[in-house]
Every structure is written in C-alpha cells, then in structure tokens.
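Coordinate analysis (summary)
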Amino acid sequence: MTPIRWTLALDQDRMPTLSSRTSGGPTVSDIELNRALWEQLVTAHSEATSDYYDVEGFLAGKSVLGEICIDEVGAVDGVDLLHLQCHFGLDSLDWARRGARVTGVDFSPAAIALARELALRAGLPATFVEADAQRLPESLDGQFDVVFASYGALCWIGDLDAWFGGAWRALRPGGRLVLVELHPISLAVDSVDPLVFGEPLTGAAPHVDRWEDSYAGGASVSQDYVAFPHGLGEIVTAAARSGLIIESLTDYVAESQEHRSDVMTRGDDGKYRLRIGGQDMPLTYALQARRQFE
C-alpha cells in the first residue's frame, strides 16, 4: 500500500492547540489567509526530501496514490476526472498516467503553475485551473465522470453546501463523487492513555491558529490560517442536500504510514491503527455519491 500523504499537520508537537471564533462560514479574509499559507507550502512541499511529495520519484514512474483512493475510484482509463484541491498536481498526474483525462483545481496560483510545469516534465496531458473549490467556474459544469478529493480537503472548506454543490454541477448525470478523507475521530483524539479528546467531533466553530513548520519536511513555514472542523453527519448531509445520491460510506481502520506517533500503534501486519479499549477506531472514510440521471 503506497504511503498516504496528508494535507493537514496532525503531529501534536507540530500543531498547537487551536482557538475558536464564533462566526460560521468562510470570509474573504479566511480564504486569502489560507491561500497565503498554501502559497508557501507549495515551495516547502515541492522541495521536501521526504516521501510525502516525492516529485523526482513520481517523474521516474513511481505511483503516489494511496491504495484506498485507487480502490475507491476504480479504473479511470478514458474517464474525465476532476480533482478538487489538487495542490501542485502529483495525484492528479498519477490519475492521468492511469489513463484519465484530468482537470485539477486549486486556489493557489503557485500550485497551479507548478502543476502545469510538472505535467510538461512528465509528458502527461492534464488541465489545471486556478479556482476556489467553493466557487467552481461554470465552464466545468457537466464535464466530468468522476469528481475526486482526498485527505485533508474539507478542513479548509467553510461552506460545505457550496463545495458539494460545485461537485454536483461538475458531474455529468450518472457521474460519481469519490471523497477519501480523514475521519473526525482520528482528528479528535489527543491521547489514548488516558483517553483525551481535543478537537470537537461535530458542530465546531472555525479554528484560527498559526501554522509552524511543514508536515512534509522541507522549508519551515510560519503563517496564520483558519480551519473548519466538520462532523461526519454534517458532511454526509451536505452531500445529500446538494442533490447527490449517497451510495456508500466506508470506514478504514488501518493505514500503511504512521502519521500520529502519539496515538497510533503498529501491528504485526506493518499497518498502523488507533486502538481505544481494544477496538480499532476509524482513521479514514470514503464517501461515494452519484448525480442521478435526469
């Protein structure tokens, strides 16, 4: 199973306790603040020497997609696929290498510029569009068989209705949304022994804090940001409210890469788990939903 990369710093020694504010959805300043962070992270991640973003390895033919994503999306040869919040495009280009006709969307100009450069270097056809995933351009409406997003996407989304509504609009009738995301439980547990919960599981206000370091190694980044915690019920309800038909919701309790050294343990099979009271807690979930035929 290919190691999974994360787009949210999870190590407790890297991510300080977040403070809340009372307002609800995203503001223009929230989006600009987060964009400034990701502009810096593009440089840090593309220059990192860790396996999180192995640019040279990918260009040499290495797959960067995780097994869960590959299994949930399935065969993509000849499929029109829209990748939301694609960062600088490694996963997008992996889908292209597997035969998809790929369009990647990200709100960071630096990310889109680098994604286009990497597409040229890899010799892979792909289109990259600079846009906020909560405000997808109308030119993308009805163009895709699959809309895909993964790992640490929704924590940056203050307006779930806009995000899922944009995904619905981008799909052709019969097309699928595939979302592979961090489970709220895996984010909420601060300590296993004793059991301590930190981040709320649902209904939380936006969190304002300062990002320090870089979870993928490389250059250190210091920047204020705003995160939006969402419970699983909120997420599934927003998907259904958009008009998408929910087909499956799958929990995954094992990962091949350790990403929370403070709470995860490695089993005899080499995979890492979050065990509480002798039970494996979900680390990841996969939501599959479809735009119905009209």
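Residues numbered from 1 in each chain as written. Predicted model: local features only at pLDDT ≥ 70, side-chain atom pairs only at ≥ 80, totals over all residues. Heavy atoms only, no water.

1. Describing the pairing of strand E6 (residues 171–182)
Side chains on a regular strand alternate between the two faces of the sheet. Keep this limit in mind: Each residue gets one of three labels from its accessible area relative to the maximum for its type: buried under 20%, exposed over 50%, partly exposed in between, using a 1.4 Å probe on protein chains only. Per the convention used, a helix needs a DSSP run of H or I reaching at least four residues, while a strand needs a run of E reaching at least two, with both numbered from the N terminus. Pairing between two strands requires that DSSP report at least two bridges joining them. Seen with its strands pointing away from the viewer, a crossover is right-handed when the path leading from the first strand over the helix to the second is clockwise.
Of all 12 residues in E6, 10 are buried, a share of seventy percent or more. When strand E5 (residues 144–150) meets E6, the two strands line up parallel, connected through 6 bridges. Bridge pairing in E6 links Val 146 to Arg 176. In the classification by handedness, the crossover that spans E5, the intervening helix H6 (residues 160–170) and the parallel E6 is right-handed. Both E6 and strand E15 (residues 284–290) contribute to a ladder of 7 bridges, which runs antiparallel. Bridge pairing in E15 links Arg 176 to Arg 290.

2. Points about unusual backbone geometry
Residue Pro 194 is bonded to the preceding Asp 193 through a cis peptide linkage, with omega at 5°. Here Pro 194 shows up in the loop between strand E7 (189–191) and strand E8 (196–197). The phi angle at Gln 85 is positive, at roughly 55°, despite the residue not being glycine. Along the chain, Gln 85 falls in the loop between strand E2 (80–84) and helix H4 (90–97). Here the phi dihedral of Tyr 151 falls at roughly 40°; this positive angle occurs in a residue that is not glycine.

3. Concerning the sheet that holds strand E11 (residues 245–252)
Rules: For helices, the fitted axis covers only the stretch in contact; all axes are lines through C-alpha atoms, and the angles between them, taken along N-to-C directions, range from 0 to 180 degrees. The contact rule is simple, with two residues in contact once any of their heavy atoms fall within 4.5 Å.
Ordered by their spatial adjacency, 7 strands build an open sheet running E4-E3-E2-E5-E6-E15-E11, and the pairing between neighbours is mixed. Edge positions in the open sheet fall to strand E4 (126–130) and E11, since each of these has one partner strand only. Pairwise comparison of adjacent strand axes, ignoring direction, gives a mean angle of 15° for this sheet. Where E11 meets E15, 7 bridges bridge the pair, whose relative direction is antiparallel. Paired with Thr 250 across the two strands is Ala 286, which belongs to E15. Sitting on the sheet, H6 is in contact with E2, E5, E6 and E15, with an inclination near 140° to E6. Seen against the sheet, helix H8 (residues 232–241) touches E6, E11 and E15 and runs at an angle of roughly 155° to E11.

4. Regarding the packing of aromatic side chains
Aromatic ring pairs are described here by two measures, namely the spacing of the ring centres and the angle between the planes. Just so we agree on the cut-off: Planes of paired rings set the category: under 30 degrees apart is stacked, over 60 is edge-to-face and the rest tilted, where pairs are Phe, Tyr or Trp rings (Trp by its six-membered ring) whose centres lie within 6.5 Å. Distance and angle both matter: a charge sits over a ring if NZ of Lys or CZ of Arg is within 6 Å of the ring centre and within 35 degrees of the ring normal.
What the rule picks out here adds up to 7 aromatic pairs. With a centroid separation of 5.6 Å and 75° between ring planes, the pair formed by Trp 211 and Tyr 225 is classed as edge-to-face. Of this pair, Trp 211 sits in strand E9 (residues 207–212) while Tyr 225 sits in strand E10 (residues 222–227), and the two are 14 residues apart along the sequence. Residue Trp 211 is classed as buried on the basis of its relative accessible area, which comes to 3%. Overall, the relative accessible area of 1% leaves Tyr 225 in the buried class. The ring of Phe 58 has Arg 97 sitting right over it, with the charged end atom 4.0 Å from the ring centre. Across from the ring centre of Trp 168, 3.7 Å away, lies the NZ or CZ of Arg 291, which sits over that ring.

5. Focus on the environment of Ile 157
Relative to the elements of secondary structure, Ile 157 occurs in the loop between E5 and H6. For Ile 157, a relative accessible area of 2% translates into the label buried. Sequence separation between Ile 157 and Ala 227 is 70 residues, and the spatial gap between their C-alpha atoms is 7.7 Å. Aside from chain neighbours lying at most four places away, what touches Ile 157 is Gln 85, Gln 134, Trp 163, Phe 228 and His 230.

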